Every structure is written in structure tokens, then in C-alpha cells.
Amino acid sequence: MGMNMLLVCVLFVVGAMAAAPKKPMDVPFGRNYENTWAPDHVKYFNGGSEIQLFLDNRTGTGFQSKGSYLFGHFAMHIKMVAGDSAGTVTAFYLSSQNNEHDEIDFEFLGNKTGEPYVVQTNIYTGGKGDKEQRIYLWFDPTKDYHTYSVLWNLHQIVFFVDEYPIRTFKNSKDLGVKFPFDQPMKIYSSLWEADDWATRGGLEKIDWSNAPFVASYKGFHIDGCEASVNAKLCANQGKKWWDQKEFQDLDKQQWRLLRRVRDKYTIYNYCTDKKRFATLPKECRRNRDVPRKSSKKSP
């Protein structure tokens, strides 16, 4: 699939008019994060304002936030693994630390040279996931940095690519659907090998002759309610910008933008997978993930 430049232009115009999260504040890596494994596979540049993660046939590597957070806005500027990246996964996600954990996932699935990157998002509540969605990116994420962010409050979770929402998950507890609201999470990122499933369901294997695989990062933005692992309520709930009324839902223009991304670039949505779910998951209609009768998928 090639880039659709007309769509990109339309996205830019519409996105510029829509209410968007505040611009992430770029800070050095060490202010908010620390390496968690394989420190020899991390390189630091410009006083820690930029880092690179390396994956070879010995190991990958990763890092995590120093604090735990209950709601907030979390962003990372990432330049993905270039070239033949099949079998690699670059992950950026939030997760609590218990058996019945909550989790909010970005996973960037590598591909053969010239093929578009796939972004998989998923949400775990009470230790259960099975809410995968996958899209193609409409640009080459290996050429330059792009911003990937999560806005999470008591009302919704929104995944953004640059300024464009690609997925929303509304709080549907009134429908009996679990929502992450009382388990503080750390933020994680890692580069690792997953050629048993990552590219075309594991059909494309990693080519170690291309190692080391490199993902570059900068930004390291965190604007959240820092909490102890036992916290059940954010002390400043209702006071942060991301907790205000205008961020309880997308506005009309953002919903229109999201619909365009879904119509043009979605390649998998659990809400439309009748083989896995004979009955439509309750949250799907509230998240407007049910296809419109009049819509037709672009070739």
C-alpha cells in the first residue's frame, strides 16, 4: 500500500481545526525513565535528549518510567527500525504490575523493505486483552521522528499518531465492560524479536544479517498523576488539563479524522471479527467501531 497524499493533506487540514492534546514537553531521558535490561544495547546522545535501542541476535533492550501514573498524557518521538525490519517489534505501552493487570499498548510491527509498517494497539483490563486493532501507517516512520501518544482519563483512552487519533476506548463500565481506572501504570518501551507472530503472522522471519536493528527515541514526555502502587484515586483528579470536559470525548472533527483512518488504513479490528466474537463486544458500538452500512473499504 502506498501513501495517499490527498488523504494526508485532508488529515492535516481537519486535524489543525480539531481540539488536540497539549504539545508534549521534550525532556532528557533520565528525568522520567531508566533502562531496565541490556544497558550495553542503549546509546545516549546530546546529554540524554536522544537515545537509540539496539537489537541483535543476543538480546534486545528496553526502559521504563521511574514513576507510576493514574491517568495522564504520555508521548514519545520515535524513529522506527529502517530497512528490512521483519520480525522486530518496537513497543511503547503502559502497564500495571500485578496478575490482573491493566495495559495500554502501542506495538509497531516491522516489515520487509518497502512494505508499510503495521501499528497494533491493544487494551488489557483485569488481565484480559483480546482487543487488538491494526492499521497501516500512511507515512514511512523510519525516515524521521513521529509522535506517538496516549491520553488516558476516567472517560476514555485515545491513541494518537502525531496529531491524529487512530483509536479511542470509552469507559463503558455501565455496560459491564472493564475500564482501567484504579491501577497505576508505569510506561515502558522496548525493542525485541518476535518473528513467531509479528510480521504476516510469523511467515516473515527476522534476518539477523541485517542486525543490529536500531530504533531512535527522543521527547520522553510524561504529564500524569504520579501515584504509589497502592493508590486508587488521583490526588489532583479533575484539575489537570487532560481531565477537563473537552477531553472526555473526541470532537466532531476528530471523530471524522478517526473515521478516515479507519476507512483507509485499518487491516484488523476485533470488533468486526465474527470468527472470534459471535456476539459483538459491548464496547464496540460506543467506540463507533461498528462499520457503517454505507461505507466501503478503499482498495
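Residues numbered from 1 in each chain as written. Predicted model: local features only at pLDDT ≥ 70, side-chain atom pairs only at ≥ 80, totals over all residues. Heavy atoms only, no water.

Let's talk about the overall build of the chain
For clarity, the threshold we go by: Only DSSP runs of H or I reaching four residues or more are called helices, and only runs of E reaching two or more are called strands; each is numbered from the N terminus. The size measure is the radius of gyration over C-alpha atoms, and the globule rule it meets is 2.2 Å times the number of residues to the 0.38 power. Remark: exposure states derive from per-residue accessible area (1.4 Å probe, protein chains only) relative to the maximum for the residue type, with buried under 20%, exposed over 50%, and partly exposed in between. Any two residues whose heavy atoms approach within 4.5 Å are treated as being in contact. Residue burial considers only the protein chains on display, and all accessible areas are found by Shrake-Rupley using a 1.4 Å probe.
Within the chain one finds 4 helices and 15 strands. For 299 residues, the compact-globule estimate of 2.2 N^0.38 gives 19 Å, and the chain sits close to it at 19 Å. Overall, the chain is about 50 × 50 × 40 Å in size when its C-alpha atoms are taken along their principal axes. Taken across its 299 residues, the chain has 55% of its residues classed as buried. Put simply, of all contacts in the chain between residues at least 6 apart along the chain, 69% involve residues at least 24 apart. Here the chain displays about 14100 Å² of accessible surface, and carbon together with sulfur accounts for 51% of that area.

Some words on the pattern of salt bridges
This is how the line gets drawn: When a carboxyl oxygen of Asp or Glu lies within 4 Å of a side-chain nitrogen of Lys or Arg, that pair is called a salt bridge.
For the structure shown, the criterion picks out 12 salt bridges. One salt-bridge network, in which partners are shared between bridges, spans Asp 84, Lys 112, Arg 200 and Glu 204.

Focus: the state of the cysteines
Using the following cut-off: To count as a disulfide, a pair of cysteine sulfur atoms needs to be within 2.5 Å.
Applying the stated criterion to the full structure yields 1 disulfide. With its sulfur 1.9 Å from that of its partner, Cys 271 forms a disulfide with Cys 284. Judged by the torsion about the S-S bond (-80 degrees), the Cys 271/Cys 284 disulfide is left-handed. Here Cys 284 lies in helix H4 (residues 282-286) and Cys 271 lies in the loop between strand E15 (266-269) and H4, a separation of 13 residues in the sequence.

Some remarks on helix H3 (residues 252-265)
Each full turn of the α-helix corresponds to 3.6 residues, which orients residues three or four apart in the same direction. Put simply, the rule is: The span expected for a helix works out to 1.5 Å for each residue beyond the first. Polar contact criterion, stated in full: a pair of N or O atoms within 3.5 Å, where within protein one must be able to donate a hydrogen and the other to accept it, and residues adjacent in sequence count only if both atoms are side-chain atoms.
Counted at 1.5 Å a residue, the expected span for H3 with its 14 residues is 20 Å, and the 20 Å between its end C-alpha atoms agrees. When we look at burial in H3, the residues that qualify are Gln 254, Trp 255, Leu 257, Leu 258, Arg 259, Val 261, Arg 262 and Tyr 265. The backbone nitrogen of Gln 253 lies 3.1 Å from a side-chain oxygen of the residue at the head of H3, namely Asp 251.

Concerning the UniProt feature "glycosylation site" (unreviewed entry) in the chain
To keep things clear, this is the line we draw: UniProt positions are given in the numbering used here, feature names are shortened, and annotations may be inferred rather than shown by experiment.
UniProt feature "glycosylation site" (unreviewed entry): in the numbering of this structure it lies at Asn 111. As for its placement among the helices and strands, Asn 111 is situated in the loop between strand E7 (103-109) and strand E8 (118-124). Judged by relative accessible area, Asn 111 falls into the buried class, the value being 11%. Ignoring anything within four residues of it in the chain, the contact list for Asn 111 reads Gly 83, Asp 84, Ser 85, Ala 86, Pro 116 and Thr 199.

What to know about unusual backbone geometry
Residue Ala 211 is joined to Pro 212 through a cis peptide bond whose omega torsion reads 0 degrees. With respect to the secondary-structure elements, Pro 212 resides in the loop between strand E13 (186-193) and strand E14 (213-227). Here Ala 38, not a glycine, exhibits a phi torsion of approximately 50 degrees, which is positive. Residue position: Ala 38 is located in the loop between strand E1 (33-37) and strand E2 (42-45). On the basis of relative accessibility, which here comes to 15%, the residue Ala 38 falls in the buried class. With a phi close to 85 degrees, Phe 71 is a non-glycine residue in the positive phi region. Examined against the element boundaries, Phe 71 turns out to sit in strand E5 (residues 68-79). Here Phe 71 falls in the buried class, since its relative accessible area comes to 2%.

Section: the packing of aromatic side chains
Where two aromatic rings form a pair, the distance of their centres and the angle of their planes describe that pair. Operational definition: By convention, a stacked pair of Phe, Tyr or Trp rings (six-membered ring in the case of Trp) has centres within 6.5 Å and planes under 30 degrees apart, an edge-to-face pair has planes over 60 apart, and any other such pair is tilted.
Overall, the coordinates contain 24 aromatic pairs when judged by the stated rule. A centroid spacing of 5.2 Å and a plane angle of 80 degrees characterise the contact between Tyr 33 and Phe 63, whose relative ring orientation is edge-to-face. Residue Tyr 33 is found in strand E1, and its partner Phe 63 is found in strand E4 (residues 61-65); the two are separated by 30 residues along the sequence. Of the residues examined, Tyr 33 reaches a relative accessible area of 1% and is grouped as buried. Consider the rings of Phe 63 and Tyr 217, whose centres lie 5.3 Å apart with planes at 80 degrees: the pair is edge-to-face. Linking Phe 63 in strand E4 with Tyr 217 in strand E14, this pair joins segments that are 154 residues apart in sequence. Grouping residues by exposure puts Phe 63 and Tyr 217 together as buried. Clustering of aromatic rings is evident, with ring pairs tying together Phe 29, Tyr 33, Tyr 44, Phe 63, Tyr 217 and Phe 220.

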